[in-house]
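Residues per chain, in single letters:
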Amino acid sequence: MTAFVRDEWYVAAYGREVGRELLGRTVLGEPILLYRTEDGRPVAMSERCVHRRFPLSQAPSRLDGDRVVCGYHGFTYGTDGGCVSVPGQQRIPRTARLKTYPVVEQDSFVWIWIGDREPGDKLPPRAPWMDSPDYTVVSGMEPIDSDYGLLVDNLMDLSHETYLHGGYIGTPEVAETPITTEVDDAAGIVYVSRHMDDAECPPFYAKSTGVEGRITRWQDVEYHAPGLYLLHSRVAPVGSPGPNPDGSDPHAFHVEVVYGITPSTEKTTYDFWAVARDFALDDQDITEFLRTNNHTVVMQDVVALNVLQKSLDTEKAGYQELSVNIDTGGLAARRILARLAQTGAEQPAAPAR
Amino acid sequence: MTAFVRDEWYVAAYGREVGRELLGRTVLGEPILLYRTEDGRPVAMSERCVHRRFPLSQAPSRLDGDRVVCGYHGFTYGTDGGCVSVPGQQRIPRTARLKTYPVVEQDSFVWIWIGDREPGDKLPPRAPWMDSPDYTVVSGMEPIDSDYGLLVDNLMDLSHETYLHGGYIGTPEVAETPITTEVDDAAGIVYVSRHMDDAECPPFYAKSTGVEGRITRWQDVEYHAPGLYLLHSRVAPVGSPGPNPDGSDPHAFHVEVVYGITPSTEKTTYDFWAVARDFALDDQDITEFLRTNNHTVVMQDVVALNVLQKSLDTEKAGYQELSVNIDTGGLAARRILARLAQTGAEQPAAPAR
Amino acid sequence: MTAFVRDEWYVAAYGREVGRELLGRTVLGEPILLYRTEDGRPVAMSERCVHRRFPLSQAPSRLDGDRVVCGYHGFTYGTDGGCVSVPGQQRIPRTARLKTYPVVEQDSFVWIWIGDREPGDKLPPRAPWMDSPDYTVVSGMEPIDSDYGLLVDNLMDLSHETYLHGGYIGTPEVAETPITTEVDDAAGIVYVSRHMDDAECPPFYAKSTGVEGRITRWQDVEYHAPGLYLLHSRVAPVGSPGPNPDGSDPHAFHVEVVYGITPSTEKTTYDFWAVARDFALDDQDITEFLRTNNHTVVMQDVVALNVLQKSLDTEKAGYQELSVNIDTGGLAARRILARLAQTGAEQPAAPAR
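Residues numbered from 1 in each chain as written. Chains lettered and ligands numbered in written order. Predicted model: local features only at pLDDT ≥ 70, side-chain atom pairs only at ≥ 80, totals over all residues. Heavy atoms only, no water.

Per an unreviewed UniProt entry, chain A carries the name Aromatic ring-hydroxylating dioxygenase subunit alpha and comes from Streptomyces gobitricini.

Counting residues at the interface gives 29 residues for chain B, matched by 23 residues for chain A. Between chain B and chain A, the buried area comes to about 2,100 Å², and carbon and sulfur atoms account for 56% of it. Three residues stand out in chain B for area buried against chain A, namely B:Tyr163, B:Leu308 and B:Leu322, and they jointly supply 30% of the buried area on that side. Across the chain B-chain A interface, the total number found is 4 salt bridges. For A:Arg52, the salt bridge identified is with B:Glu321, shortest N-O distance 3.6 Å. Applying the counting criterion to the chain B and chain A interface returns 14 residue pairs in polar contact (both at pLDDT 80 or more). Among the secondary structure elements, those contributing two or more residues to the side of chain B that touches chain A are helix 1 (148-156), helix 2 (160-164), helix 3 (172-176), helix 5 (284-314) and helix 6 (328-346) of chain B. Tallying contributions element by element places helix 5 of chain B first for the side of chain B that touches chain A, with 7 residues. Tallied by class, the residues present in the side of chain B that touches chain A amount to 14 nonpolar, 8 polar and 7 charged. (Contact = heavy atoms within 4.5 Å. Buried area = accessible area lost by both parts, 1.4 Å probe. Salt bridge = Lys/Arg side-chain N within 4 Å of Asp/Glu carboxyl O. Polar contact = N/O pair within 3.5 Å; in protein donor to acceptor, adjacent residues only side chain to side chain. Helix = DSSP H or I, 4+ residues; strand = E, 2+ residues; numbered from the N terminus. Nonpolar A, V, L, I, M, F, W, Y, C, P; charged D, E, K, R; others polar.)

Right, let's get into the relation of the copies chain B and chain A. Rotating chain B by 120° and translating it 0.0 Å along the rotation axis places it on chain A, where the RMSD comes to 0.0 Å. What the superposition gives is, in effect, a three-fold axis relating one chain to the other. When C-alpha positions in chain B are compared against the rotation axis, the closest is assigned to B:Asp313, at 12 Å. (Least-squares fit on C-alpha atoms with pLDDT ≥ 70 in both.)

A few words on helix 5 (residues 284-314) of chain A. Between its first and last C-alpha, helix 5 of chain A extends 45 Å over 31 residues, near the 45 Å set by a 1.5 Å rise per residue. Where helix 5 of chain A begins, the side chain of A:Asp283 points an oxygen toward the backbone nitrogen of A:Asp285, at a separation of 3.0 Å. (Expected span 1.5 Å × (residues − 1).)

A separate point is the layout of surface pockets. Space inside the largest pocket adds up to approximately 800 Å³. Every residue lining the largest pocket is counted, 27 residues in all, and those nearest its centre are A:Glu30, A:Pro31, A:Arg53, B:Glu315 and B:Lys316. By residue class, the composition of the lining of the largest pocket is 9 nonpolar, 6 polar and 12 charged. (1 Å grid on protein atoms, 1.4 Å probe; cavity = no way out; pocket = protein on both sides within 12 Å on 5 of 7 lines; lining within 4 Å. Points joined across faces, edges and corners; volume = space filled by probe spheres on them.)

Negative phi is the rule for most residues except glycine; trans is the rule for most peptide bonds. With omega at 5°, the peptide bond leading from A:Ala59 into A:Pro60 counts as cis. Residue placement: A:Pro60 occurs in the loop between strand 4 (42-46) and strand 5 (62-64). Of note, the bond from C:Ala225 into C:Pro226 is cis; its omega dihedral lies within 30 degrees of zero at 0°. Assignment of secondary structure puts C:Pro226 in the loop between strand 14 (215-224) and strand 15 (228-237). The phi dihedral of C:Asp107 falls on the positive side, at around 55°, and the residue is not glycine. Positive phi is not limited to glycine here, since C:Ala280 has a value of about 45°. As for its position among the elements, C:Ala280 is in the loop between strand 17 (268-277) and helix 5 (284-314).

The positions that UniProt labels "domain: Rieske" (unreviewed entry) are, in the present scheme, residues 9-112 of chain A. Segment residues 9-112 of chain A splits into 0% helix and 40% strand. End C-alpha atoms: 5 Å apart. (UniProt positions renumbered as here; feature names shortened; annotations may be inferred.)

Looking now at the interface of chain C and chain A. Counting residues at the interface gives 23 residues for chain C and 29 residues for chain A. Roughly 2,100 Å² is buried in total at the junction of chain C and chain A, and carbon and sulfur atoms are behind 56% of that figure. When residues of chain C are sorted by the area they lose upon contact with chain A, C:Arg52, C:Arg53 and C:Tyr72 head the list and together hold 35% of the total. In this structure, the connection of chain C to chain A is made through 4 salt bridges. With a shortest N-O distance of 3.0 Å, C:Arg53 and A:Glu315 are connected by a salt bridge. The interface formed by chain C and chain A includes 14 residue pairs in polar contact (both at pLDDT 80 or more). Broken down by class, the residue content of the side of chain C that touches chain A amounts to 12 nonpolar, 8 polar and 3 charged.

Let us look at the pairing of strand 3 (residues 30-36) of chain B. All names here are of chain B. Where burial is concerned, most of strand 3 is hidden: 7 out of the 7 residues are buried. Burial along strand 3 is two-sided: Glu 30, Ile 32, Leu 34 and Arg 36 facing one way and Pro 31, Leu 33 and Tyr 35 facing the other are all buried. One ladder, built from 5 bridges, connects strand 2 (residues 23-27) with strand 3; its direction is antiparallel. If you follow Val 27 over to strand 3, its bridge partner there is Glu 30. Connecting the antiparallel pair strand 2 and strand 3 is a turn made up of 2 residues, with Leu 28 showing a positive phi of about 50°. Joining the antiparallel neighbours strand 3 and strand 4 (residues 42-46) is a turn of 5 residues, in which Gly 40 adopts a positive phi near 95°. (Buried < 20%, exposed > 50% of the residue type's maximum accessible area, 1.4 Å probe, protein only. Pairing = 2+ DSSP bridges.)

Further remarks concern the side chain of B:Thr287. All names here are of chain B. If you trace the backbone, Thr 287 turns up in helix 5. Judged by its relative accessible area of 5%, Thr 287 is buried. Residues contacting Thr 287, with those up to four places away along its chain left out, are Thr 136, Val 138 and Arg 277.

This part is about the pattern of salt bridges. This structure, assessed with the given rule, holds 72 salt bridges over all chains. When the shortest N-O distance is used, the salt bridge between A:Asp198 and A:Arg214 registers 2.7 Å. Of the two residues, A:Asp198 is situated in strand 13 (residues 189-199) and A:Arg214 in the loop between helix 4 (203-209) and strand 14 (215-224); the sequence distance between them amounts to 16 residues. Look at A:Arg214 and you get partly exposed, because its relative accessible area is 41%. A:Asp327 is paired through a salt bridge with C:Arg52; the nearest N and O atoms lie 3.5 Å apart. Here A:Asp327 is found in the loop between helix 5 and helix 6 (328-346), whereas its partner C:Arg52 is found in the loop between strand 4 (42-46) and strand 5 (62-64) on a different chain. Overall, the relative accessible area of 4% leaves A:Asp327 in the buried class. Exposure remark for C:Arg52: the relative accessible area of 8% places this residue in the buried category. A cluster of three or more residues bridged by salt bridges with shared partners is formed by A:Arg52, B:Asp153, B:Glu321, B:Asp327 and B:Arg334.

In this section: the side chain of C:His224. You can see C:His224 is positioned in strand 14. Each residue touching C:His224, except ones within four places of it in the same chain, is listed here: C:Pro125, C:Gly188, C:Ile189 and C:Leu230.

Structural data, given as structure tokens:
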């Protein structure tokens, strides 16, 4: 099992999921309650009542203004986690307080900080395409019944597109084309690039871009360990001019694929997936095509990872894997995750707020 | 997990459930076979065949007169648990004998004694309203997927009625009104009383009694640890005379709520619930209203306790609770249960009969 | 739990199940991939890709000619288990090789050798009726959610027919008639015989043979531990001549019941069952009657063993059984299995091929 990395930001939800209904999520094994105050601010706190541990996201628990009322005995909490009402008595015990969690709403995500220290100046990594007017986005979330490390492995090695996603986003060139890998250990970022100069255009891109014939296809992965994965995908007809020195790139189609990878429990993971495009922004048909198609691709991964986890659960301890060139990025990601998990475990914990 | 208390009586079934079909129940982790002899006597014995442990309540196991025939190889047992027939041979091994259990049928329940000693003179506690001509009863049994201690907690602290059963039996006054608690350690009984002098009448009582306007509402709990819970509920219009010195109380409506709390396994419990009333005895509409309504209330508890147990199962060992005034009765019950469990564990076991 | 016996042959599948689709089976806890080459040869190898342990029987894994292509990243293997293609590179790591298993196709079964040594000259035991022109066979496979030892127990003691299969193959005489048991320790074979001279004819035989009235019924069990069970069943009208000295037996009806008993995991078992008859060879009605009827009987066992295993799972460690005369064969089988399991564990393992 891949160790959890604490003292980091994770995607807890899309902003659109956090509203005036109580939402329960489990992040790194911690049960979290999410909701939005009347003035629109997302808040996160422990999802278990201090009294008898009743789960606060479960009916008949409810919001009363900005306060959370436990559905079992009515213990009531403010947005700072402090208990403000106890049944049958006026005095509120001093220790009647839910742990709260730092929250940032950014790039359409509600990020949560899980850890023993405060985030201080550290902000979540960016995915600006998610709510940019220059992009149209389709997105969703799928729970996976696997270790989050299996999802990291999956995304770091896109050669699987040829086999698991054949007929959708995979063509023979993806598996055949060598990758280059760079690691920024200090920043905890792994870069994996695969540039195909002359490749078959998979249906996913042919239909959405209108390109006919063979393409130049670039896949530039940027994994911000532990929780954010970006795939900069560039598609252009073979022979088109490349990007300009100033970074503009008018002859190509760009798709920014964004994954929030959020460990829930040891063997369950939230897979937040999004596809942002810079073309056909208002074309509803293409939006629906990409939504359906990408959901299919995500579910191919979900099914495969669920099956893989079940298989691994039957393996004897100390089973062997065999790694090859395509695994360079995934192995780099594993090393960074192991180091970050170790670092967190070694540093003395500051009191949680 | 709440420790099991052995050497005590438990409700194994309603008398109406025990007949000429083999009934299997698991009480304190022990698999029990229940049936009624041809002359009407309930008997209880181990539910596992001595031969290969086949469960005797499972088809094609069957009754042959008063004898139980194992459905696998035909080992046959009398009501005293002794084996009377073995396939393929005349000789019956001396050790071919099922453990039997003391049984008492009382107050519509079939009580079973689980323990290492004999009950001697000790009889099950009483709930005489269950089959009194002066009362009409609705009752049922719901299995709960939780530690039985969670059900004890639930019933000892009725302030939860306001939140979990709002709109049914809960009104604001229940949670607001202080309780008084008394403990009879020697007898193993906890008393919790809440007397509301001027309270809203919840629909449950308004509809069944016909009382309009505000009420005097008394809740007098009497928990006979470990297995019987009684709630003496008294409802009268505000201003009505109280009970007479002789105990008669003609101006009030009385509801006797009875729970048999029977631990099945460590995390499953049988919840035998009953509501006996001393008014509108022959009114079928009110009977059906109370049956439906009380079943709904019981299921609100069942759902909440199932959810709570699942939540607790994900808590780290040593998780904290916070107890307040309303928990006085529940904490007293926990102390008695812990003491009784400890006492049983310390006493040397006499041979079971 | 009954210990696994390694270095033995087991039925992995019927030959008809092994074709040009990838078939996954788990035998003695080992995940096995089975398929048939283009020239008709069955092959068996580890079902887990060497790369990331993806299960090779799961779509989109597939056959490409005689090669297996992993559905996750395209690692490709030949029939000798050797990897012949790795995505993104030309070089194949030397250790990229799946374990293969010796396979023999015999008597309609595909047998697999599970162990640490080679089978050498040792061949699977025979069940020649399975594909003999002198017999007509109905057969199937049912997975059981129990220890394989429970199925061995079940089959070694046919007195259960009277109770579990009453109305099908059981009559009172089966349970009443004493057995004789012989053990060939060197060969690992247990023989159990029950010869009923004057017995009721159960519907199973009455309908299929056309015999009316009482019968001579012989049940001669021959258990080749660990994986093959044969029941030679002979039925003739009372008073008919017995078998001739040369072994011919024209006045009786013969049914050869064959079971492949294959442990899958500690608590799951493959139950390959077959019924071969030497009469009414071309009578489709009788074939369908026997197929339906025997499937019903097998399912009675499956349901009983599933229930029994669940019951045993709730028993405390060290629970007692009580064995009697009818268990002589089953106990002998248990002793042989324990000895074989121990022998395998003691011998130094040769490298697997």
